[in-house]
Amino acid sequence: MDRPTLGGRAGGAVVRFLDDLGWAEATREPLAGDASTRVYTRLRQGSKTAILMQDPDGDVDLFARLARHLTGLGLSAPRVYGQAKGLLLLEDLGDGLIARLASDTPEQPLYIVATDALIALHRHAAPSGLPVATPDRLAQMIDLAFLHYADRPDLIAQATDALRPVLATHAMPADVMVLRDYHAENILWLPDRKGAARAGLLDFQDALQGHRAYDLISLLEDARRDVAPATVEACIQHYLSATGLPQDAFRASLAVLGAQRNLRILGVFARLAKTRAKPHYIDLIPRVWGHLQTDLNHPALAPLRAVIAQLPIPDAAHLERLKSCPMP
């Protein structure tokens, strides 16, 4: 693949950055991005490869610090080869996303390794300086569902008032690093490594200090793919066996944090369609809605059911409205 021409001031900064690191002559292969403004490029130079991450809106210093924290724990975050404003040169951990592999091979062993990474992470305190996922913060984060998915801002106060005390009971203590977007399209299978290091960690720049159930329910209630019920149960039991946490309390935390996450995701996906012309995210909403309904079945979430019952269901007509909503 040829090296694309990088024009303008930003392109010049990239060229200088790569030149300083000895990668200016590398060929460049664009990689699929995510819901953020980050851009990823695989660099090839002889037998060596690396990943260039461009994040003009993000804090690359934070990503680099968190990557070093994770590798210091023996986990497989990308090693940082170099950094500059909005730019990182990272270790290339390959293309073995468990989301792809799980379509052709048994998924449960892959998900167990992803759970092992959380078990290992949760043996350590969160690094300093992360925002804390307090009940107030988590409750406020669901406003997007009412603003963008439902167009019912009048329900925000009712919903957050109902959810906040539930979170205070079931989403505390906030004492571990929460990677936050922990799902199969952000985790790589690294079979040449050992133990929990076989899970390659890609997305953690939005990390929080929060409850240990947060990332596990993120993994198991995936917006992008269906995880078999047997795999879900195996991972929960594996985590409980390794940590010795009380089963009933932990399952309540999974349901509560699952509901909080899924409400936020409904709003995020609707906003992406509305403000960034990404309507394909709307196709994922029925799965997210299904996860939310499963979570709401837990007795701990009884106080939230009445307000959620006022949201529109994601039928064909509502999904089409979300797709066709004009950009502001």
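Residues numbered from 1 in each chain as written. Predicted model: local features only at pLDDT ≥ 70, side-chain atom pairs only at ≥ 80, totals over all residues. Heavy atoms only, no water.

Caption draft 1: Expanded view of the packing of helix α4 (residues 107–121) against helix α8 (residues 213–220). Where α4 contacts α8, the axes come no closer than 10 Å and their chain directions differ by 165°. When the interaxial angle is binned, α4 and α8 end up roughly antiparallel. In the crossing of α4 with α8, the sense of the turn from one axis to the other is right-handed. Listed contacts from α8 to Tyr111, Ala114, Thr115 and Leu118 of α4 are Asp215, Leu216, Leu219 and Leu220. Here the residues of the contact of α4 with α8 sort into 6 nonpolar, 1 polar and 1 charged. (Axes fitted to C-alpha atoms, helices over the stretch in contact; angles between N-to-C directions. Helix = DSSP H or I, 4+ residues; strand = E, 2+ residues; numbered from the N terminus. Parallel < 35°, antiparallel > 145°, perpendicular 65-115°, else oblique. Left-handed = near helix turned anticlockwise from the far one by under 90°. Contact = heavy atoms within 4.5 Å. Nonpolar A, V, L, I, M, F, W, Y, C, P; charged D, E, K, R; others polar.)

Caption draft 2: View of the confidence of the model for the protein. Model confidence for the protein is summarised by a mean pLDDT of 93, while 95% of its residues fall at 70 or above. Segment residues 1–9 is flagged for pLDDT under 50; beyond a separation of four residues in sequence, or across chains, it makes 14 contacts in the model. (pLDDT = per-residue confidence, 0-100.)

Caption draft 3: Quick peek at the packing of aromatic side chains. Applying the stated criterion to the full structure yields 4 aromatic pairs. Ring geometry for Tyr239 against Phe250: centres 5.1 Å apart, planes inclined by 10°, an arrangement best described as stacked. Note that Tyr239 is positioned in helix α9 (residues 229–243) and Phe250 in helix α10 (residues 247–276), a separation of 11 residues in sequence. Classification of Tyr239 by relative accessible area gives buried; the value is 0%. The exposure class of Phe250 is buried, given its relative accessible area of 3%. (Phe/Tyr/Trp six-rings, centres within 6.5 Å; stacked < 30°, edge-to-face > 60°. Buried < 20%, exposed > 50% of the residue type's maximum accessible area, 1.4 Å probe, protein only.)

Caption draft 4: The arrangement of empty space enclosed by the protein in detail. Enumeration over the complete set of coordinates arrives at 1 cavity of 30 Å³ or more. When its volume is computed, the largest cavity comes out at roughly 30 Å³. Together, Leu179, Asp181, Tyr182, Asn186, Ile187, Leu201, Leu202 and Asp203 line the largest cavity. Per-class residue counts for the lining of the largest cavity are 5 nonpolar, 1 polar and 2 charged. (1 Å grid on protein atoms, 1.4 Å probe; cavity = no way out; pocket = protein on both sides within 12 Å on 5 of 7 lines; lining within 4 Å. Points joined across faces, edges and corners; volume = space filled by probe spheres on them.)

Caption draft 5: Fine view of the pairing of strand β5 (residues 87–90). Neither face of β5 is open: one carries Leu87 and Leu89, the other Leu88 and Leu90, and all of them are buried. As paired strands, strand β3 (residues 48–54) and β5 are joined by 4 bridges and run antiparallel to one another. Of the residues in β5, the one forming a bridge with Met53 is Leu88. Pairing of strand β4 (residues 80–84) with β5, which is carried by 4 bridges, proceeds in the antiparallel orientation. (Pairing = 2+ DSSP bridges.)

Caption draft 6: Local environment of α9. Taking 1.5 Å per residue as the helical rise, α9 with its 15 residues ought to reach 21 Å, and the 21 Å between its terminal C-alpha atoms agrees with that figure. Those residues of α9 that sit buried are Thr231, Ala234, Cys235, Ile236, Tyr239 and Leu240. The elements touched by buried residues of α9 are α4, α8 and α10. Of the residues trailing α9, Gly244 is marked for its positive phi of about 70°. (Expected span 1.5 Å × (residues − 1).)

Caption draft 7: Region of interest: the packing of helix α7 (residues 156–170) against α10. The interhelical angle for the contact between α7 and α10, taken along N-to-C directions, is 140°, at an axis separation of 10 Å. The pairing of α7 with α10 is recorded here as oblique in orientation. In this structure, α7 crosses over α10, and the sense of that crossing is left-handed. Between α7 and α10, the contacting residues are Leu163, Val166, Leu167 and His170 on the first element and Ala252, Ser253, Val256, Leu257 and Gln260 on the second. Here the residues of the contact of α7 with α10 sort into 6 nonpolar, 3 polar and no charged.

Caption draft 8: Spatial organisation of the sheet that holds strand β1 (residues 27–31). The strand order across the open sheet formed by 5 strands is β1-β2-β3-β5-β4, and the pairing between neighbours is antiparallel. The open sheet is flanked by β1 and β4, the only strands paired with a single partner. The mean inter-strand angle of the sheet, taken between neighbouring strand axes irrespective of direction, is 20°. Summarising the sheet, strand β2 (residues 39–45) and β3 pair through 7 bridges and their orientation is antiparallel. Residue pairing across strands places Leu43 opposite Ala50, the latter belonging to β3.

Caption draft 9: Spotlight on the environment of Asp154. Tracing the chain through its elements places Asp154 in the loop between α6 (143–149) and α7. Taking relative accessible area as the criterion, Asp154 reaches 51% and is therefore assigned exposed. Of the polar contacts made by the side chain of Asp154, one reaches the side chain of Arg152; its length is 2.7 Å. (Polar contact = N/O pair within 3.5 Å; in protein donor to acceptor, adjacent residues only side chain to side chain.)

Caption draft 10: Quick peek at the side chain of His291. Along the chain, the position of His291 falls in helix α11 (residues 285–296). Sequence-distant contacts of His291, that is, excluding residues within four places in its chain, are made with Glu221, Asp222 and Asn262.

Caption draft 11: Examining unusual backbone geometry more closely. Geometrically, the link from Met172 to Pro173 is a cis peptide bond, its omega value of 5° lying close to zero. Looking at the secondary structure, you find Pro173 in the loop between α7 and β6 (176–178). Backbone geometry places Asp151, a non-glycine residue, at a positive phi of 55°. Along the chain, Asp151 turns up in the loop between α6 and α7. Given the relative accessible area of 58%, Asp151 is considered exposed. A positive phi angle, near 55°, is found at Ala277, a position not held by glycine. Looking at where Ala277 falls in the secondary structure, it is placed in the loop between α10 and α11.

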